[in-house]
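Structure at a glance
The lines below spell out each chain.
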Amino acid sequence: METSPRNNKKQSIHKNPWFLGTLVCIFVISVLVNIPVEKRKYGLTQSSLTTDYTSLLPERIDRIVKAGSRTELQKIVKEANENRQQISIAGLQHSQGGHTYYKDSIVLDMKTFNKILKIDKQHKTIKVETGATWEDVQEAIQPYGLALKVTQSQSIFTIGGSLSVNAHGRDITFGPMAGTVREMTILTPTGDIKTVTRNDSEEWMKYVFGGYGLFGVILDVTLELTENDVYTIHTEELKTNEYEAYFSNLLRNDGTSMHYARVSVAPHSFLNEMYVIDYKNTGKKDHQTELKKERGARFGKLALDIGRQGGALEDLFWENQKLLIKSLDGDEITRNNAMRGNSAFMEFTKPGRVEVLQEFFVPVAQFEEYISDLRRFLPSNDKNEDFKIHNITVRYAAKDDYTYLNYAKGDMFGLVILIQHGLKEKEIDHAKAIIQGWTDLTLKHGGGYYLPYYQYQTIEQFRKIYPSWEMFHEEKIKRDPNGVFQNIFYDYYFE
Amino acid sequence: MKILSERYVPLVVTVGQVVIFPYYILWLKEASLTFTLFTWLFAAFSFSAALGYRLFQARKKPAISFIPFLYMGMGGIYLLVGNISTSFEVLPYLTLIFQVILGFLQGYHHAWHIMQNTFRLHAINHYLLVGMIMVGLSFVKIISPAIFITVFGTILFICGLVFLFKKNKDSVIFKLGDNEETEVE
């Protein structure tokens, strides 16, 4: 069979060394830039053990139900109530103490229940299904020049999840997240669908928000919104003993809407230096700026990985963080974009080790004394320790009268701690001992700890810090007599 | 058959590569963590092997002088794989480099190997040896793939040295014999 010269050329191009060399180069570069930052597998699965973000509490579940329609969810809950089957509710599963699953339970995966139902520009509200993420909401309201009143520092979480843990973020003017919900539709443990407001005589909101999925499925909420203001970023380096006065002054002046701070965990400036980031009002509104996407996660992760090595490298990381923050001073940013912190760069994958969060709340007036005590309690250089602290972020949590199991009984600073430790039994026990000691120290200063994380604390500590636990428990039994809504968190603290 | 090393070393290398494959796969799976990355790393190996193969063919005079260094290169990579203790954050990037180098060297070696007279004989011996060794390994309790990979890396490195040493020695004998063919066996 004769072959045309054109065919010969076609056949030979793939054998050309230049072609093959180019192919290898292009492919290698493509792989290099696409090696995923997040490599761990976690979450809901029926084929093996279900976990949440930390993978610390693996458990076998009965089945996963992807939330579809309200009637379907209602049927599942009614059947479970009749058959005494247990149900857990899961969103993005970034809570870290088994709040989203339970042994042999049906897990409702709410991520598919995510429709935007209504945007009321005039009254500045949005009605949304609770499987939607904060990012979904931002995308829907940004064209209207609107922004959220309160959200978490990152926008990846589901609304239902954030409300169930009554999360807080960088806003310092609108109070707790639960206070920004005007109306809620809930599927109760008996399978009833109720639409309630804050004035509801049965106080469903008080139990459901910060109720860790134990009182029913939040189907939708109507959130209060505000204008998408434009802010000027103000950054400043401080000593930790100057922070109380700095923050009091900030609250007295109306000019700042959002604020957070970061305390050094580097050996040479351990709990001594900090920097603050304020978002000051410019009086301008924005309708056009696009929502920012996470960029430079690989670079950010590399920098954090350097800091994770501890010792001199952690000092280097801290110095660079300060430079980076200083470079932001004077920049303008919209409210929506200020509420979209990066998250992918924090990914950590190392077999045999885990990174977890803990959050301690301390009264604003106690900050200086607390930090001083903490400096004596923790080693400044944890390079050779199993229990390592990689970051402490400080945020303001205003007094919360909206939820029953509330963590902010007064105006508090929340210290969000990023901790790394080993997964061997003795390493976990060691981490437990340190965190329990830390909790006692916080308690001494009139503070407490946040419940969406792994249960390092003892039940006695929980009961001291959350004295309303008993009433919460009684109400749970009253409203959910067959124990339909169940999770590992409840099992540990209440059963 | 002029040189002993030319007869047996390629067989050791090709059999070894197949035998070590399951252990190497275990390591690679652990290093890549996700199935997507695992397949990408394989693809990088394949493309690079095609390049190595083609570059050997493109040479006007196949140069056997490269082969010992090629064995030592492969051995070096396996030794690194067996002994690396780096963060899982960096490992996928290193693994990609390893895969590209290994693919290139194996493609180049294969292109050279099939040109050798012993290749047809090796094919049968290769299958038989692999079968027997695999049956043998089934009785060995795996301690860690890293140990086997390190052992294979060392063997490859030694093969490279033997090949280099024997070839140099044979070429001296060849010269001393006034261009007469000298049987080493």
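Each chain carries its own residue numbering, running from 1 in the direction its sequence is written. Starting at A for chains and at 1 for ligands, labels are handed out in the order in which the entities are written. Given that the model is predicted, a residue must reach a pLDDT of at least 70 before its local features are reported, and side-chain atom pairs must reach 80 or more before they are shown or counted; all residues, however, enter totals for whole chains, interfaces and linings.

1. Overview of the overall build of chain A
Of regular secondary structure, chain A possesses 15 helices and 17 strands. Here the C-alpha atoms of chain A give a radius of gyration of 25 Å, agreeing with the 23 Å that 2.2 N^0.38 yields for 495 residues. The proportion of buried residues among the 495 residues of chain A is 41%. By the criteria applied, helices consist of DSSP H or I runs no shorter than four residues and strands consist of E runs no shorter than two, each listed in order from the N terminus. The globule rule is 2.2 Å times the number of residues to the power 0.38, and the radius of gyration it is compared with is taken over C-alpha atoms. Here a residue counts as buried when 20 or more other C-beta atoms sit within 10 Å of its C-beta, as exposed when there are 12 or fewer, and as partly exposed otherwise, the C-beta atoms being derived from the backbone.

2. Looking at the overall build of chain B
Regarding its fold elements, chain B presents six helices and zero strands. Counting helices and strands in the order they occur from the N terminus, chain B gives α-α-α-α-α-α. Expressed as a percentage of the 185 residues in chain B, the buried residues total 36%. For chain B, restricting intrachain contacts to residue pairs at least 6 apart in sequence, the fraction spanning at least 24 positions comes to 90%. Note on contacts: residues are paired as contacts if their backbone-placed C-beta atoms lie within 7 Å.

3. A look at the interface of chain A and chain B
Contacts between the two partners involve 17 residues from chain A, matched on the other side by 20 residues from chain B. Note on residue categories: nonpolar means Ala, Val, Leu, Ile, Met, Phe, Trp, Tyr, Cys or Pro, charged means Asp, Glu, Lys or Arg, and polar means any other residue, Gly included. Grouping the constituent residues of the side of chain A that touches chain B by class yields 11 nonpolar, two polar and four charged.

4. Things to note about unusual backbone geometry
Phi is positive for Ser55 of chain A, close to 60°, though the residue is something other than glycine. For Ser55 of chain A, the location among the structural elements is in the loop between α2 (17-34) and β1 (63-66).

5. Overview of the sheet that holds β1 of chain A
Residues and elements named next belong to chain A. A strand pair is defined by DSSP finding two or more bridges across the two strands. Read from one edge of the open sheet, three strands run β1-β3-β2, paired in parallel fashion. Unpaired on one side and paired on the other, β1 and β2 (87-90) mark the two borders of the sheet. Looking at each pair of strands side by side, their axes are set apart by 25° on average, direction ignored. As judged from the four bridges shared by β2 and strand β3 (residues 106-109), these two strands associate in the parallel manner. Of the residues in β3, the one forming a bridge with Ile89 is Leu108. Against the sheet, helix α3 (residues 70-83) contacts β1, β2 and β3, and its axis sits at roughly 160° relative to β3. Simply put, an axis is a line fit to the C-alpha atoms, just over the touching stretch for a helix, and the angle between two N-to-C directions goes from 0 to 180 degrees.

6. Some details on the sheet that holds strand β10 (residues 229-239) of chain A
Residues and elements named next belong to chain A. An order of β13-β10-β12-β11-β15-β16-β14-β17 is seen for the eight strands of this open sheet, with the pairing classed as antiparallel. A strand with exactly one partner marks an edge of an open sheet, and here the two such strands are β13 (332-334) and β17 (448-449). By the bridge criterion, nine bridges tie strand β15 (residues 388-397) to strand β16 (residues 412-422) in an arrangement that is antiparallel. Directly across from Tyr396, in β16, lies its bridge partner Phe413.

7. Here we look at the environment of Lys409 of chain A
All names here are of chain A. Assignment of secondary structure puts Lys409 in the loop between β15 and β16. On the basis of neighbour count, Lys409 is assigned to the partly exposed category, with 18 C-beta atoms found within 10 Å. Separated by 12 residues in the primary sequence, Lys409 and Ala397 have C-alpha atoms spaced 9.6 Å apart.

8. Notes on the environment of Val128 of chain A
Residue and element names in this part refer to chain A. Relative to the elements of secondary structure, Val128 occurs in strand β5 (residues 125-129). Of the residues examined, Val128 has 25 C-beta atoms within 10 Å and is grouped as buried. The sequence separation of Val128 and Leu117 amounts to 11 residues, and the corresponding C-alpha distance is 5.1 Å. Among all residues touching Val128, those that are not within four sequence positions of it are Ile116, Leu117, Val137, Ile159, Asp220, Val221 and Leu223.

9. A short note on the environment of Asn114 of chain A
Residue placement: Asn114 of chain A occurs in the loop between β3 and β4 (116-120). Placed 44 residues apart in sequence, Asn114 of chain A and Thr158 of chain A show a C-alpha to C-alpha distance of 8.8 Å.

10. Some details on helix α3 (residues 67-83) of chain B
By definition here, a helix of n residues has an expected span of 1.5 Å times n minus one. In a regular helix each residue adds 1.5 Å, so 17 residues correspond to 24 Å; α3 of chain B covers 24 Å between its end C-alpha atoms and thus fits that length. Where α3 of chain B is concerned, the buried positions are Ile67, Pro68, Leu70, Tyr71, Met72, Gly73, Met74, Gly75, Tyr78, Val81 and Gly82 of chain B.

11. A look at the packing of α2 of chain A against helix α4 (residues 91-113) of chain B
Helix packing geometry: the angle between the two helix axes and the distance between the axes. Here α2 of chain A crosses α4 of chain B at 165°, and the two axes come no closer than 10 Å. Put simply, α2 of chain A runs roughly antiparallel to α4 of chain B. Along this stretch, α2 of chain A crosses α4 of chain B, giving a crossing that reads as right-handed. On α4 of chain B, the residues that touch Val24, Val28, Val31 and Leu32 of chain A of α2 of chain A are Tyr93, Leu96 and Val100 of chain B. Of the residues in the contact of α2 of chain A with α4 of chain B, the class split is seven nonpolar, no polar and no charged. Angular relationships are summarised with four words: roughly parallel below 35 degrees, roughly antiparallel beyond 145, roughly perpendicular across 65 to 115, and oblique for the angles in between. Two helices crossing with the near one rotated counterclockwise from the far one by less than a right angle form a left-handed crossing, whereas a clockwise rotation gives a right-handed crossing.

12. As for the domain arrangement of chain A
Accessible area lost upon the coming together of the parts is a frequently used measure of interface size. Residues and elements named next belong to chain A. Domain extents, as shown, originate in an automatic or database domain assignment. Split into domains, chain A comes out as domain 1 (111-227) and domain 2 (231-455). Centre-to-centre separation of domain 1 and domain 2, based on C-alpha positions: 25 Å. With 30 residues of domain 1 in contact, the opposing surface of domain 2 contributes 31 residues. Residue assignment for the side of domain 1 that touches domain 2 shows that the elements contributing at least two residues are α4 (134-141), β6 (146-148) and α6 (204-208). Across the side of domain 1 that touches domain 2, the residue classes break down as 10 nonpolar, 15 polar and five charged.

13. Focus: the packing of helix α11 (residues 367-377) of chain A against helix α12 (residues 425-444) of chain A
All names here are of chain A. Running from N to C, α11 and α12 point in directions that differ by 155°, and their axes come no closer than 10 Å. By the criterion of interaxial angle, the relationship of α11 to α12 is roughly antiparallel. As α11 runs across α12, the sense of the crossing is right-handed. Within the contact between the two elements, α11 uses Asp373, Leu374 and Phe377 and α12 uses Gly437, Trp438 and Leu441. Each residue belonging to the contact of α11 with α12 can be placed in one class, and the counts come to four nonpolar, one polar and one charged.

14. Notes on the pairing of β10 of chain A
Examined bridge by bridge, β10 of chain A and strand β12 (residues 273-285) of chain A share 10 bridges and lie antiparallel to one another. Paired with Glu237 of chain A across the bridge in β12 of chain A is Tyr275 of chain A.

15. Notes on the pairing of strand β8 (residues 193-197) of chain A
All names here are of chain A. One ladder, built from five bridges, connects strand β7 (residues 181-187) with β8; its direction is antiparallel. Opposite Ile186, over in β8, you have Lys194 as the bridge partner. Linking two consecutive strands that pair antiparallel, namely β7 and β8, is a turn of five residues; a positive phi of about 95° is found at Gly191 within it.

16. Notes on the confidence of the model for chain B
As a per-residue measure, pLDDT reflects the predictor's confidence and takes values from 0 up to 100. Mean pLDDT for chain B: 81, with 82% of residues reaching 70 or above. Below a pLDDT of 50 lies the segment residues 173-185 of chain B, which in the model reaches 10 contacts outside its immediate sequence neighbourhood of four places, other chains included.

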